[in-house]
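Chain and residue survey
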Amino acid sequence: MEKIRFFLTLSGQLWFIVFILSIIGLFNLYSATSYLETKTLFIKQIIWVCLGFFILWLITKIDCRRLYIYAYPIYIFNLFLLLLVLIIASPLMGAKRWLGFGPISFQPSELAKLTLIIVLARYLAETDIEIQNLKVFLKMLILTLLPAFLIILEPDLGTALFLLIIFGTMCFLSKVNHKIIIGAIIVSFALLPVFWQFGLKDYQKARILGFLSPQKDPLGIGYHIKQTKIAIGSGQFWGKGFLKGTQNKLRFLPEHYTDFIFSVFAEEWGFIGCMFLLVFYLLLILTGIKISENACHSFTFLLAAGIISMFFWEIVINIFMALGLLPVVGIPLPFMSYGGSSTLINFIGVGILINIDRRGKWL
């Protein structure tokens, strides 16, 4: 009876939602990698998920006030890891993104999403959340640009831009003056031509051009968008069935177990399956919002809301990317895309939400 009551609480509901999403993600990854000669990727993801649940449980046991106390050291440690990547990491496909620890590799840029939320929540909690002026805005911007700059050097433009999206969301949550936000948006648009000319590499420009005009070069820069649309569209209402997705099996669909994992799912489970998946994502977001509303301190409110915004934007950007509504920027789909770093960060994020919900009082 006590266990049943637990699953009626917000914490219990989060455990259940994450469990279901993880099961769906593992089944989908098994299908996405079934044609490969080895099951290494699938087995690795099972290990990451199991480790993720253990870390989630561990996070719920730690007093969340420690995150407030150690927010800046955690942030600085992450900057150190990002710098270390640029110095010692071996290039892989032209990019330096992973730190190797024996057979295990870790991507500090994934950690940067969470550490930025923690440090911004700490900084904003120190100030008056109702009166956020230009000085507060600029300090938040500096805290964001430091990791974003290091990530751009890897290069990983998608994750760097994602940090700016988190920054914008935290500005909105902390009630930064609207005039400041509008001014920042105008300046950003004014700088776009300069960024296009000097800030983007050729392959990044090609992705944007491929997104804007995929029909001009369907076998080149428009190939990704064309294949993902075919995969999603061919799923129709009911889908082709588990292990029966042809776009994936015949290797037409690129990045099928990371960026375009949603396309694999949509082809095999169709519109009905996608609605089922989106319902669980919606439950995750709504439960997180409820936890942030119940938070008794500005730090825990901003932390919970920031984590939920991270999940929200990852889901929206990845699915829009698969639908051809956004350029390919390499943002993973939570609990679905293959990858140890992103998987563990997802579980840590949920662990913090449960921690905030269970502890309730700040003092």
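Quick note: structure is the one above.
Residues numbered from 1 in each chain as written. Predicted model: local features only at pLDDT ≥ 70, side-chain atom pairs only at ≥ 80, totals over all residues. Heavy atoms only, no water.

1. Comments concerning the nonpolar core
Met140, Met170, Phe262, Leu303 and Phe311 are the most contacted members of the largest nonpolar core, which has 101 residues in total. In terms of residue count, helix H14 (residues 298–322) provides more of this core than any other element does, 14 residues in total. Apart from the residues within four sequence positions on either side, Phe311 is in contact with Leu284, Ile285, Pro334, Phe335, Asn346 and Val350. (Core = buried A, V, L, I, M, F, W, Y, C linked by side-chain atoms within 4.5 Å. Buried < 20%, exposed > 50% of the residue type's maximum accessible area, 1.4 Å probe, protein only. Helix = DSSP H or I, 4+ residues; strand = E, 2+ residues; numbered from the N terminus. Contact = heavy atoms within 4.5 Å.)

2. Quick word on empty space enclosed by the protein
Remark: the empty space left among the atoms is shown by a probe the size of a water molecule rolled over them. With the rule as written, the count across this model stands at one cavity of 30 Å³ or more. Around the largest cavity, the lining residues are Ser22, Gly25, Leu26, Gln45, Val49, Phe335, Met336, Thr343 and Phe347. When residues of the lining of the largest cavity are traced back to their parent elements, those giving at least two are helix H2 (10–32), helix H3 (40–61) and helix H15 (340–359). Looking at the lining of the largest cavity, the element that brings in the most residues is H2, giving three residues. Split into classes, the residues belonging to the lining of the largest cavity amount to five nonpolar, four polar and no charged. (1 Å grid on protein atoms, 1.4 Å probe; cavity = no way out; pocket = protein on both sides within 12 Å on 5 of 7 lines; lining within 4 Å. Points joined across faces, edges and corners; volume = space filled by probe spheres on them. Nonpolar A, V, L, I, M, F, W, Y, C, P; charged D, E, K, R; others polar.)

3. Description of unusual backbone geometry
Put simply, Glu154 and Pro155 share a cis peptide bond, and its omega is 0 degrees. Notably, Leu243 is not glycine yet its phi reads approximately 70 degrees, a positive angle. On the accessibility criterion, Leu243 (36% relative accessible area) is partly exposed. One non-glycine residue, Glu255, lies in the positive phi region at around 45 degrees. Along the chain, Glu255 turns up in the loop between helix H12 (246–249) and helix H13 (261–294). According to the relative accessible area criterion, Glu255 is partly exposed, its value standing at 43%.

4. Here's the deal with the packing of helix H5 (residues 71–88) against helix H6 (residues 108–126)
Between H5 and H6, whose axes approach to 9 Å, the crossing angle comes to 150 degrees. Judged by the angle between their axes, H5 and H6 are roughly antiparallel. The two elements H5 and H6 meet at a crossing, and its hand is left-handed. Note on element contacts: H6 touches H5 through Pro108, Ser109, Leu111, Ala112, Thr115, Ile118, Val119, Arg122, Tyr123 and Glu126, opposite Ala71, Tyr72, Ile74, Tyr75, Asn78, Leu81, Leu82 and Val85. Looking at the contact of H5 with H6 residue by residue, the classes come out as 13 nonpolar, three polar and two charged. (Axes fitted to C-alpha atoms, helices over the stretch in contact; angles between N-to-C directions. Parallel < 35°, antiparallel > 145°, perpendicular 65-115°, else oblique. Left-handed = near helix turned anticlockwise from the far one by under 90°.)

5. Regarding a nonpolar patch on the surface
Residues Phe237, Trp238, Phe271, Ile272 and Met275 make up a contiguous nonpolar surface patch of roughly 530 Å² in combined accessible area. Locating Phe237 in the fold gives a position in the loop between helix H11 (223–234) and H12. For Phe237, a relative accessible area of 41% translates into the label partly exposed. (Patch = residues over 30% accessible without salt bridge, like charges linked within 9 Å, V, L, I, M, F, W, Y side chains within 5 Å. Areas by Shrake-Rupley, 256 points an atom, 1.4 Å probe, with all protein chains shown as cover. Salt bridge = Lys/Arg side-chain N within 4 Å of Asp/Glu carboxyl O.)

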